[in-house]
Amino acid sequence: EIVNILKARYVDSDRLDAKYVNDAAIQGVLKSLGIGAQILTAEEAAAKPAVAIPAAGTSLREPLARVETIDPNIGYIRLADVTPDTEAALDRELKKFGDAKVTGYVIDLRFADGTNYAAAAAVASRFIAGEPDLFAIKEHGLVAAGFRASAPSQALPAEPTDAPLMVLVNSETRGAAEVVAGVLRSQERASLVGGRTAGNAVAWQDVTLDAGRVLRVATAKITLPGNVEIFPDGLTPDVPVKIELKREREAVLQPVGGNDRAVHGH
């Protein structure tokens, strides 16, 4: 109706041919969908490839980046990428913390990423009692696939499921790391402290267009209990903390020193 009125009355109505109207409609749809659908150059798509859910590839970074005890008895763990290796690395550190009688934990997911959502379920399970439903992956045209908490290793102390827990997040908390944060809050196990997360807990598919362009479209997303969705707006922290991203990156990603220990999966 609007297009017909414009064609009849707009001062330059001869511009409103079918191609112009179609191109404008596509631009409007893409703007409305935001990060859910993007036109990229071939170079942009190659520089940051789309990865399907669940991804079982290897990580470019260590699954745990930093571990330390914050005096007097708080265990601090910073995750880098949530991968299949993260579960075993986390179990080793939780065993050490249990032996040291740690009574609370800080899980740092700032600048953490990952595309393996089965690993996200396993990581979150370490801090959750029982085996409740954690989240589901809703993929276009398919029945949603659910993930439940898994039973913890018998070698682990029972304390992680009961101990006070704080989760640190920021705008660079993405993908599977966002899911860990969302699950721990939805299960009432942790409060989120920091900044709003990236809203990037999705699967992407690339479709090649003409002239070498690529349409990157979100084809699956994570749903937490209560139909709470992480995509596209991210998770809002319970305790907002404002800090310049550059300063935060320098503080969080600084080299390990002092009484800290880096974790290298062995």
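All of the points below concern the structure found in this document.

1. Here's the deal with the pattern of salt bridges
- Overall, the coordinates contain 14 salt bridges when judged by the stated rule.
- A salt bridge links D238 to R185; its shortest N-O distance comes to 3.3 Å. On the criterion of sequence distance, the pair formed by D238 in the loop between β11 (228-229) and β12 (239-240) and R185 in helix α6 (residues 175-186) is long-range, its members being 53 residues apart.
- Take D238: its relative accessible area is 40%, and that puts it in the partly exposed class.
- Assessed through its relative accessible area of 25%, R185 is described here as partly exposed.
- Residues participating in the shared-partner salt-bridge network are E87, D91 and R126.

2. As for a nonpolar patch on the surface
- Taken together, the side chains of I2, L6, Y10 and V11 present a nonpolar region at the surface, about 420 Å² in accessible area.
- Within the secondary structure layout, V11 lies in the loop between α1 (2-9) and α2 (18-33).

3. Things to note about the pairing of strand β9 (residues 202-208)
- Two strands pair when backbone bridges link them, and β9 and strand β10 (residues 214-224) are joined in this way by seven bridges, in the antiparallel orientation. Across the sheet, residue V207 finds its bridge partner in β10, namely L215.
- A loop of five residues connects β9 with β10, the two strands running antiparallel in sequence, and A211 in this loop sits at a positive phi of about 60°.

Definitions and cut-offs
Residues numbered from 1 in each chain as written. Predicted model: local features only at pLDDT ≥ 70, side-chain atom pairs only at ≥ 80, totals over all residues. Heavy atoms only, no water. Salt bridge = Lys/Arg side-chain N within 4 Å of Asp/Glu carboxyl O. Helix = DSSP H or I, 4+ residues; strand = E, 2+ residues; numbered from the N terminus. Buried < 20%, exposed > 50% of the residue type's maximum accessible area, 1.4 Å probe, protein only. Patch = residues over 30% accessible without salt bridge, like charges linked within 9 Å, V, L, I, M, F, W, Y side chains within 5 Å. Areas by Shrake-Rupley, 256 points an atom, 1.4 Å probe, with all protein chains shown as cover. Pairing = 2+ DSSP bridges.

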